[in-house]
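Here's the letter readout for the chains.
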Amino acid sequence: VHELSLAQAIVDTTTRHADGRPLKSVTVRIGHLRQVVPDSLQFSWEVLTERGDLQGCALVIEEIPAVVACGECGAMTTLDMPILSCASCESFDVRLVSGEEFLIVSMDVVEV
Amino acid sequence: MGRFHLHADGTEHAHQEGDALGHEDSSHHDHHEHRAARPGDHEVGDHSGYPETGTTRISVLEDLLSENDRVADANGRALEAAGVRAVNLMSSPGAGKTTLLKRTLARLGDTMRIGILEGDIATSLDADALEGSGAAAMAVVNTSAGFGGECHLDAVMVRSGLSRLPLNDLELLVIENVGNLVCPAEFRVGEHAKAMVYAITEGEEKPFKYPVMFRAAEVVVVNKMDLLPHLDFDLDRFLSNVRAVNPSARVILASARTGEGVDEWCAWLRDA
């Protein structure tokens, strides 16, 4: 639902960093716990970059799985549901290792 | 495969997959001004290989919502300076935020100076409903601009609302967000705490469908408890679903209609 707002945030931050230089692509890293639908974000991005400074700039989305580390048995679990528990011993004493990423990683500037 | 880190001094080193996760986001967050303007720089977490010839990869490493967060921090400072505690109240449409607020104002309005910031897509209906119920001040922020409307309040909208409130006269500000279980949870607005209202008519499984919201909330007010005898709602299952997603959330069983749980909610608000 909020992918358009997020795409706009990426456009704003990227435009500031690009400082007028033409961009080929922007890479973002998004964790699975962030409720972002990649296709929807991609679509919003295309709409927003149809014209303007970022025209033709591609959006590369790196998806990061949600992983928790168990405080009791130490096992790492990759979550397929947002249930924060250990798959080995079923403990809820877990620490989130990844999955909440929400980062603009880098951008590729076209050399002129 | 290792992950490469580029440090501000230009040196790189690799971490094993797994150990760098989480670490890099915090430790490299302040590097966003650093520009790795060398062709072929292999950047953090770069899974797509080297940039194509004719392009230069520049490290950004900035949170996607950093623009919003900057304004949110400024809002937080303005509230802090005025000595106002702010609570961001979220729920799906119709869960009972406004009715709960009415009860809250009736209970606390005499002893506490409470401001309400109403986020609404296009109307002032919620604000109208609260008119005369004991709020010291109220501001409405409509999120629509032309057609459609934002599904959440962001920090900039809240800043505009704050500018219309007499912050120095207030002790508590309740920010009633737009009814939506997805987006409001992602946007910090400068609040001290997030709370959510959940109606038992919404079913038991929503914590798994909207984990971001349930994880963000410090308090979950489980509303419409007076309807429990009439529903197939499995309260125990819902509570264990909430705990699975957010083990530290405080749950308050309530009915804004009958007043059940409102004291406990008000006590939390007072000390929030």
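Just so you know, these numbers come straight off a predicted model, no measurement behind them. (Residues numbered from 1 in each chain as written. Chains lettered and ligands numbered in written order. Predicted model: local features only at pLDDT ≥ 70, side-chain atom pairs only at ≥ 80, totals over all residues. Heavy atoms only, no water.)

Undergrad: Break down the interface of chain B and chain A for me, citing the residues and quoting the values.
TA: Many structure descriptions define interface size as the accessible area lost when the parts assemble. Of the residues lining the interface, 45 residues belong to chain B; the matching set on chain A comes to 38 residues. Summed over both partners, the interface of chain B with chain A buries about 3,900 Å², with 56% contributed by carbon and sulfur atoms. If you look at where chain B meets chain A, you find 5 salt bridges. The partner of Arg57(B) in a salt bridge is Asp108(A), and the shortest N-O contact between them spans 2.6 Å. Within the residue set of the side of chain B that touches chain A, elements represented by two or more residues are helix H1 (23-27), strand S3 (55-63), helix H2 (66-82), helix H6 (206-209), helix H7 (211-216) and helix H8 (235-245) of chain B. It is S3(B) that provides the largest number of residues to the side of chain B that touches chain A, a total of 9 residues. A class-by-class count of the residues in the side of chain B that touches chain A yields 19 nonpolar, 12 polar and 14 charged. By the bridge criterion, 7 bridges tie strand S6 (residues 102-110) of chain A to S3(B) in an arrangement that is antiparallel. Residue pairing in the sheet places Ile104(A) in a bridge with Glu62(B) of S3(B). (Contact = heavy atoms within 4.5 Å. Buried area = accessible area lost by both parts, 1.4 Å probe. Salt bridge = Lys/Arg side-chain N within 4 Å of Asp/Glu carboxyl O. Helix = DSSP H or I, 4+ residues; strand = E, 2+ residues; numbered from the N terminus. Nonpolar A, V, L, I, M, F, W, Y, C, P; charged D, E, K, R; others polar. Pairing = 2+ DSSP bridges.)

Undergrad: I'd love a proper account of the layout of surface pockets, names of residues and values included.
TA: Within this model, the second largest pocket holds a volume of roughly 310 Å³. Around the second largest pocket, the lining comprises 13 residues; the ones closest to its centre are Arg34(A), Glu100(A), Ala185(B), Glu186(B) and Val212(B). The class makeup of the residues in the lining of the second largest pocket is 5 nonpolar, no polar and 8 charged. (1 Å grid on protein atoms, 1.4 Å probe; cavity = no way out; pocket = protein on both sides within 12 Å on 5 of 7 lines; lining within 4 Å. Points joined across faces, edges and corners; volume = space filled by probe spheres on them.)

Undergrad: Go over the side chain of Thr13(A), please, and point to the residues and values.
TA: Note that Thr13(A) resides in helix H1 (residues 3-18). Thr13(A) sits in the buried class, given a relative accessible area of 0%. If we ignore the near neighbours within four places in the chain, the residues touching Thr13(A) are Ile104(A), Glu62(B), Leu64(B), Ser66(B) and Glu67(B). (Buried < 20%, exposed > 50% of the residue type's maximum accessible area, 1.4 Å probe, protein only.)

Undergrad: Residues and numbers for the pairing of strand S4 (residues 85-90) of chain B, please.
TA: Along any regular strand the residues' side chains alternate between the sheet's two faces. Residues and elements named next belong to chain B. Along S4, 5 of the 6 residues are buried, which leaves the element largely enclosed by surrounding structure. Across 4 bridges, S4 lies against strand S8 (residues 193-199) in parallel orientation. Counterpart to Val 87 in the pairing with S8 is Ala 193.

Undergrad: Can you break down the sheet that holds strand S6 (residues 137-142) of chain B residue by residue, with the values?
TA: Within a sheet, adjacent strands bond to each other through the backbone by hydrogen bonds, running parallel or antiparallel. Residue and element names in this part refer to chain B. Taken in spatial order, the 7 strands of this open sheet run S6-S5-S7-S4-S8-S9-S10, and their pairing is parallel. Each edge of the open sheet is held by one strand with a lone partner, namely S6 and strand S10 (250-253). Adjacent strand axes in the sheet meet at a mean angle of 20 degrees when their direction is disregarded. The sheet contact formed by strand S5 (residues 114-120) and S6 spans 6 bridges and is parallel. Counterpart to Gly 119 in the pairing with S6 is Val 141. Helix-sheet contacts for helix H3 (residues 97-108) involve S4, S5, strand S7 (172-176), S8 and strand S9 (219-223), and the interaxial angle to S5 is about 170 degrees. Set on the sheet, helix H9 (residues 262-271) makes contact with S4, S7, S8, S9 and S10; between it and S10 the angle comes to about 145 degrees. (Axes fitted to C-alpha atoms, helices over the stretch in contact; angles between N-to-C directions.)

Undergrad: Please provide a residue-by-residue account of H9(B), values included.
TA: All names here are of chain B. Among all positions in H9, only Val 262, Trp 265, Cys 266, Trp 268 and Leu 269 are buried. Down the axis of H9, the buried set is contained in an arc of 160 degrees. They therefore lie on one face. With respect to the buried face of H9, the exposed residues turned more than 90 degrees away are Asp 263 and Asp 271. Those residues of H9 hidden inside the fold are in contact with S4, H3, S7, S8, S9 and S10. (Arc of directions from axis to C-beta.)

Undergrad: Could you give me a rundown of the packing of aromatic side chains, with the residues and numbers involved?
TA: All names here are of chain B. Applying the stated rule across the entire model yields 5 aromatic pairs over all chains. When the centroid spacing of 5.6 Å and the interplanar angle of 20 degrees are considered together, the rings of Trp 265 and Trp 268 count as stacked. A residue pair is termed a helical-turn pair when its members lie 3 or 4 positions apart in one helix, as Trp 265 and Trp 268 do in helix H9 at 3 residues. We classify Trp 268 as buried; its relative accessible area is 8%. Every member of this aromatic cluster is reached through a ring pair, and the members are Tyr 198, Phe 214, Phe 233 and Phe 238. (Phe/Tyr/Trp six-rings, centres within 6.5 Å; stacked < 30°, edge-to-face > 60°.)

Undergrad: Can you lay out the packing of H3(B) against H9(B) for me, pointing to particular residues and giving the numbers?
TA: All names here are of chain B. Direction vectors running N to C along H3 and H9 enclose 70 degrees, while the axes themselves pass 10 Å from each other. If you check the angle between H3 and H9, you find them roughly perpendicular. For the pair formed by H3 and H9, the contact residues are Leu 100, Arg 103, Thr 104, Arg 107 and Leu 108 on the first element and Val 262, Asp 263, Trp 265, Cys 266, Leu 269 and Arg 270 on the second. (Parallel < 35°, antiparallel > 145°, perpendicular 65-115°, else oblique.)

Undergrad: A description of the sheet that holds S6(A) should follow, citing residues and the corresponding values.
TA: In space, the 4 strands of this open sheet follow the order S2(A)-S1(A)-S6(A)-S3(B), with mixed pairing throughout. Every interior strand has two partners, whereas the edge strands, strand S2 (58-64) of chain A together with S3 of chain B, have only one. Ignoring strand direction, the axes of neighbouring strands in this sheet form an average angle of 20 degrees. Of the strands in this sheet, strand S1 (23-31), S2 and S6 of chain A together with S3 of chain B touch H1(A), which is tilted by about 50 degrees from S6(A).

These values are about where atoms sit, not about what they do.
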